[in-house]
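Read off the chains here:
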Amino acid sequence: MEHGYFNDNEKLLMKSMVKELLVRLKDVASSEDISHVHAIIKQGVLANHYSRDQYGINPTVRNLRTALLVAENIAPDRSMVIATMLYNLVRNKSVTESKVIEYFGDDVAKIVRGLIKVSQLYQRQAAVRNENFQKLLLTFADDIRVIIIMIVDRLGLMREINHHPNEMFVHDIASESRYLYAPLAHRLGLYQIKSELEDMSLKYLNRRVYSQIAEKLSETKARRDSYVVDFIAPIKKALTEQGLNFEIKGRTKSINSIWNKMKKKDVDLNGMYDLFAIRVIIDTPHEREKKDCWIAYSVVTDIYTANPSRHKDWITIPKSNGYESLHITVKGPQDKWVEVQIRTKRMDEIAERGLAAHWKYKGIKSEGDLDSWMNNVREVLEAGSIGQMELVRGMNMNLYDKEVFVFTPKGDLFQLPMGSTILDFAFAIHTRVGSTCTGGRVDGKNQKLNYKLKSGDTVEITTSSTQMPRQDWLNYVVTSKARNKIRQAVNEARVRQADMARELVQRRFKNRKIDLDEGTMAKLTKKMGYKTITDFYVDINDERLDVNTVVERYEQLVERLKDSSQASPHGTAEGFVLQPVKEESPTDDILVIGNNVKGINYKLSKCCNPILGDRIAGFIASDGAIKIHKVECGNLKHLVSKYPYRMIKSAWSGKVGAQFAVTIKVVGKDDIGIVSNITSVINKSPETALRNISISSQQGTFEGFLVVGIPGNDALDELMKKILALKGVKQVERVNR
């Protein structure tokens, strides 16, 4: 394949790589395969279909390097290697997909299609930097081998650009490798590749730091290795004497990991506790796990002095993600600090192979089914046999069949649930965009609001300043954000319409010189079949109800009320509902919690609504906040029976000025004026405020629930006495609702 397209170094490199690749493929690729690949590549080079990219990278060399790395690091898989070497030529139309199928079969063509499909994503530079790009990548790749090839290709490219003259190109490739390819490699269990990608990313993004750490590690490697041997020798001896079956591993952190820890702890290399770690892994039955781990712990701490501030016990109480291990830092020989991790074989497998737990522990988000699925892939990859890729071929890549990924014209990427429409997408961009959306252009074609999006769509939203959300829009959306915003907008529009109608009614009543009583109007609206006063006024605004009819029926109702009893400007309890107002929050330091400590984050429990004067106790909730309950609260008693150590002594500090929301239940005879009398008692008190009242009436008896803002128990008792003294009131009590 002699051609001016290759320089001398590339020719030598290619000969070496081809030779090595042929050795690795001798058991899986036929001589015909090799001849066809050689002929196709040569033809593509001669036709100039294999030109260097804008950064001077030779794609022939790059693809050959990737193919060899796949064979070395993953498996000598025929389909993966051939597809890696040919997909650029298929994309450039140098060879047809049908010819690939004819020479190599459908499996190779499938990988080629996936590589071409995924490579097209890189035309959208903004999207590549989006956090959803990993998901989109997996959605577009029809075969897991496509993702593996891309990861390995990135490894080869990172090795190649070490001294590339275009610093911006190197920076961009290193950044992308760090946030995209290294986490993908981790998810697939390709830990060596992941670690190398991270280290090279640090090298290219901060070469000074990388070089300093690398030089320091190189200088101390022999000493460090010797130190580890000396450190573990007495531990091995003591653990063996205890009759434990175990292994001990020693490892030095990667350069990138060391740098992250230096930044986090704000120390230099010499000040790091865990430049290297010792891991004691005990092989023991499940029922003896905790006991044997603590035996090992006592062995290590008997030999070396432990730093109690660095002790982490995730065996007694595992992490929320399932991680279990004992971490201790001890002072070893030469007064050096060494981290020792103690766990069982099962715990180690959860940490190392249970990807959901392990990735969360390392700070990488896990996602349920994806983690489980990736774990299966990883086990296949670690099998180490030539035939392992047969299992990978059959794995379903439809990981995100419940999601779609769409682009803006600028290339920004959005993740939405499957079934999302243009209207969902508009609200995902911004509430204002959604509220004024009239449709959109999808890949250049006009589409309606209810067009269902597909992964890869590029969507441009069209808007109009006169557009407003409508009730029927709820039929066009699936996302909770869109539904909530539409409902909110529709409700706000209804309130505005109701307010305008209310003003119209008030003006009409004023013109007719009729006193308008809200209680009587509420009674009228209920008799007319309206569930809410808002519905009533909206119908007036929409001219479904004539305002003159309302005035006439109101006058008729007033006359009937005069005839049935003495007239009163207030209605009965029937149908009376006062809308709630926003509750006030207690002021700071109203509580003394624990040992006279003030200013602690606390919340008043909704189950019993304690107020100033109640006997109270605190309970430390799972989020760390202290929930304040009444001492007699049933929920508190239940919680304390299960977690007695989380109860904390609490009392009121005596500080006043705050108002507490208290619900009072009132039962009595449904007489005219009863509501007015109750509310009058509350409003006359300068310390109390009526926040909500809901009263129902049945067969002459009313039952009301009043939410009152009140400063404490004394004021509450006084208020309840006054209400109970009213004519017609039979019962008043404080309740929890």
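Residues numbered from 1 in each chain as written. Predicted model: local features only at pLDDT ≥ 70, side-chain atom pairs only at ≥ 80, totals over all residues. Heavy atoms only, no water.

Quick look at the overall build of the chain
Turning to step 1, where the next piece is worked out: Within the chain, the secondary structure is distributed over 27 helices and 21 strands.
Turning to step 2, where the next piece is worked out: Relative to its 737 residues, the chain shows a buried fraction of 48%.
Turning to step 3, where the next piece is worked out: Partitioning the contacts of the chain with sequence separation of at least 6, the portion at a separation of at least 24 is 68%. (Helix = DSSP H or I, 4+ residues; strand = E, 2+ residues; numbered from the N terminus. Buried < 20%, exposed > 50% of the residue type's maximum accessible area, 1.4 Å probe, protein only. Contact = heavy atoms within 4.5 Å.)

Section: the pattern of salt bridges
Turning to step 1, where the next piece is worked out: Applying the stated criterion across every chain yields a total of 26 salt bridges.
Turning to step 2, where the next piece is worked out: The shortest N-O distance in the salt bridge between Asp348 and Arg343 comes to 2.9 Å. For the pair shown, Asp348 and Arg343 are each scored as buried.
Turning to step 3, where the next piece is worked out: A salt bridge links Arg470 to Asp472, with the nearest nitrogen and oxygen atoms 3.1 Å apart.
Turning to step 4, where the next piece is worked out: Sharing partners across several salt bridges, the network here consists of Arg279, Arg343 and Asp348. (Salt bridge = Lys/Arg side-chain N within 4 Å of Asp/Glu carboxyl O.)

Some points on the confidence of the model for the chain
Turning to step 1, where the next piece is worked out: Taken over all residues, the pLDDT of the chain has a mean of 79, while the share at 70 or more is 81%.
Turning to step 2, where the next piece is worked out: Confidence over residues 565-590 falls short of pLDDT 50; this stretch has 66 contacts with residues more than four positions distant or in other chains.
Turning to step 3, where the next piece is worked out: The low-confidence segment residues 594-598, where pLDDT is below 50, has eight contacts with residues more than four positions distant or belonging to other chains. (pLDDT = per-residue confidence, 0-100.)

A closer look at the nonpolar core
Soluble globular proteins tend to pack their nonpolar side chains together in the buried interior.
Turning to step 1, where the next piece is worked out: The biggest cluster of nonpolar side chains holds 73 residues, and the ones touching the most others in it are Leu21 and Ile151.
Turning to step 2, where the next piece is worked out: The leading source of residues in this core is helix H9 (residues 144-160), at 11 residues.
Turning to step 3, where the next piece is worked out: Here Leu21 is in contact with Leu64, Ala67, Leu68, Ala71, Val81 and Met85, once residues within four sequence places are set aside.
Turning to step 4, where the next piece is worked out: Counting 32 residues, the second largest nonpolar core, distinct from the first, contains Ile648, Phe660, Val675 and Met720. (Core = buried A, V, L, I, M, F, W, Y, C linked by side-chain atoms within 4.5 Å.)

A look at the packing of helix H10 (residues 167-187) against helix H11 (residues 191-205)
Turning to step 1, where the next piece is worked out: In contact at an axis separation of 9 Å, H10 and H11 are set at 160° when each is read in the N-to-C sense. Relative to H11, the element H10 lies roughly antiparallel. The crossing of H10 and H11 is left-handed. Of the residues in H11, those touching H10 at Val170, His171, Ala174, Ser175, Ser177, Arg178, Tyr181, Ala182, Ala185 and His186 are Tyr191, Ile193, Lys194, Leu197, Glu198, Ser201, Leu202, Tyr204 and Leu205.
Turning to step 2, where the next piece is worked out: Residue composition of the contact of H10 with H11, by class: 11 nonpolar, five polar and three charged. (Axes fitted to C-alpha atoms, helices over the stretch in contact; angles between N-to-C directions. Parallel < 35°, antiparallel > 145°, perpendicular 65-115°, else oblique. Left-handed = near helix turned anticlockwise from the far one by under 90°. Nonpolar A, V, L, I, M, F, W, Y, C, P; charged D, E, K, R; others polar.)

Quick word on helix H2 (residues 31-46)
Turning to step 1, where the next piece is worked out: The terminal C-alpha atoms of H2, which comprises 16 residues, lie 23 Å apart, in line with the 22 Å expected from a rise of 1.5 Å per residue.
Turning to step 2, where the next piece is worked out: Buried within H2 we find Asp33, Val37, Ile40, Ile41, Gly44 and Val45. For H2, the buried positions fall inside an angular range of 135° around the axis, keeping them on one side. Within H2, the exposed residues directed more than 90 degrees away from the buried face are Ser31, Glu32, Gln43 and Leu46. (Expected span 1.5 Å × (residues − 1). Arc of directions from axis to C-beta.)

Thoughts on the pairing of strand S5 (residues 326-331)
Turning to step 1, where the next piece is worked out: Within S5, five of the six residues are buried, leaving the element largely enclosed by the surrounding structure.
Turning to step 2, where the next piece is worked out: In this structure, strand S4 (residues 312-313) lies alongside S5, joined through two bridges in antiparallel fashion. Bridge pairing in S5 places Lys312 opposite His327.
Turning to step 3, where the next piece is worked out: Sheet topology places S5 next to strand S6 (residues 337-344); six bridges connect them, and they run antiparallel. Residue pairing in the sheet places Lys331 in a bridge with Trp337 of S6.
Turning to step 4, where the next piece is worked out: Count of turn residues in the S5/S6 antiparallel hairpin: five residues, of which Gln334 carries a positive phi of about 65°. (Pairing = 2+ DSSP bridges.)

Quick look at the side chain of Glu289
Turning to step 1, where the next piece is worked out: Among the secondary structure elements, Glu289 is positioned in helix H14 (residues 289-303).
Turning to step 2, where the next piece is worked out: Of the polar contacts made by the side chain of Glu289, one reaches the side chain of Arg346; its length is 2.7 Å.
Turning to step 3, where the next piece is worked out: Filtering out sequence-adjacent residues up to four positions away, Glu289 remains in contact with Thr284, Thr344, Arg346 and Met347. (Polar contact = N/O pair within 3.5 Å; in protein donor to acceptor, adjacent residues only side chain to side chain.)

Structural notes on the environment of Phe104
Turning to step 1, where the next piece is worked out: Position of Phe104 relative to the elements: it lies in helix H5 (residues 97-104).
Turning to step 2, where the next piece is worked out: The class for Phe104 is buried, based on a relative accessible area of 5%.
Turning to step 3, where the next piece is worked out: Taking the C-alpha atoms as reference points, Phe104 and Arg78, separated by 26 residues in sequence, lie 9.4 Å from one another.
Turning to step 4, where the next piece is worked out: Ignoring any residue separated from it by four or fewer positions in sequence, one finds Phe104 in contact with Asp33, His36, Val37, Ile40, Arg78, Ile82 and Leu86.

A closer look at a nonpolar patch on the surface
Turning to step 1, where the next piece is worked out: Side chains of Val18, Leu22 and Ile34 sit close together on the surface and give an oily, nonpolar patch of about 210 Å² of accessible area.
Turning to step 2, where the next piece is worked out: Among the structural elements, Leu22 can be located in helix H1 (residues 8-25). (Patch = residues over 30% accessible without salt bridge, like charges linked within 9 Å, V, L, I, M, F, W, Y side chains within 5 Å. Areas by Shrake-Rupley, 256 points an atom, 1.4 Å probe, with all protein chains shown as cover.)

Describing a positive patch on the surface
Turning to step 1, where the next piece is worked out: Among the surface-exposed residues, Lys526, Lys527, Arg553 and Arg560 lie close enough to one another that they form a single positively charged patch.
Turning to step 2, where the next piece is worked out: Elements with a contribution of two residues or more to the positive patch: helix H22 (518-527) and helix H24 (547-564).
Turning to step 3, where the next piece is worked out: Structurally, the position occupied by Lys527 is in helix H22. (Lys, Arg positive; Asp, Glu negative; His and termini not counted. Charge placed at Lys NZ, Arg CZ, Asp CG, Glu CD.)

Focus on the pairing of strand S8 (residues 413-417)
Turning to step 1, where the next piece is worked out: Sheet topology places strand S7 (residues 403-407) next to S8; five bridges connect them, and they run antiparallel. The residue of S8 that forms the bridge with Val406 is Phe414.
Turning to step 2, where the next piece is worked out: Linking S7 to S8, which pair antiparallel, is a turn of five residues; within it Gly411 sits at a positive phi near 100°.

Considering the sheet that holds strand S10 (residues 445-447)
Turning to step 1, where the next piece is worked out: Taken together, three strands build an open sheet; the order of strands is S10-S9-S11 and the sheet is antiparallel. Strands with a single pairing partner mark the edges of an open sheet, and in this sheet they are S10 and strand S11 (459-463). Between one strand and the next, the sheet's axes are offset by a mean angle of 30°, whatever the strand orientation.
Turning to step 2, where the next piece is worked out: Judged from the five bridges that link them, strand S9 (residues 437-442) and S11 form a sheet pairing that is antiparallel. In the strand pairing of S11, Val442 is matched with Val459.

Section: the environment of Asn256
Turning to step 1, where the next piece is worked out: With respect to the element layout, Asn256 can be found in helix H13 (residues 255-265).
Turning to step 2, where the next piece is worked out: Judged by relative accessible area, which is 4%, Asn256 ranks as buried.
Turning to step 3, where the next piece is worked out: Along the backbone, Asn256 and Leu202 are 54 residues apart, and their C-alpha atoms lie at a distance of 6.4 Å.
Turning to step 4, where the next piece is worked out: Not counting residues up to four positions away in its chain, the partners in contact with Asn256 are Arg178, Glu198, Asp199 and Leu202.
Turning to step 5, where the next piece is worked out: For Asn256, the side chain forms a polar contact with the side chain of Glu198, separated by 3.5 Å.

Observations concerning unusual backbone geometry
Turning to step 1, where the next piece is worked out: Look at Lys93: it is not a glycine, yet its phi comes out positive at around 65°.
Turning to step 2, where the next piece is worked out: By the element assignment, Lys93 lies in the loop between helix H4 (78-91) and H5.
Turning to step 3, where the next piece is worked out: For Lys93, a relative accessible area of 71% puts it in the exposed group.

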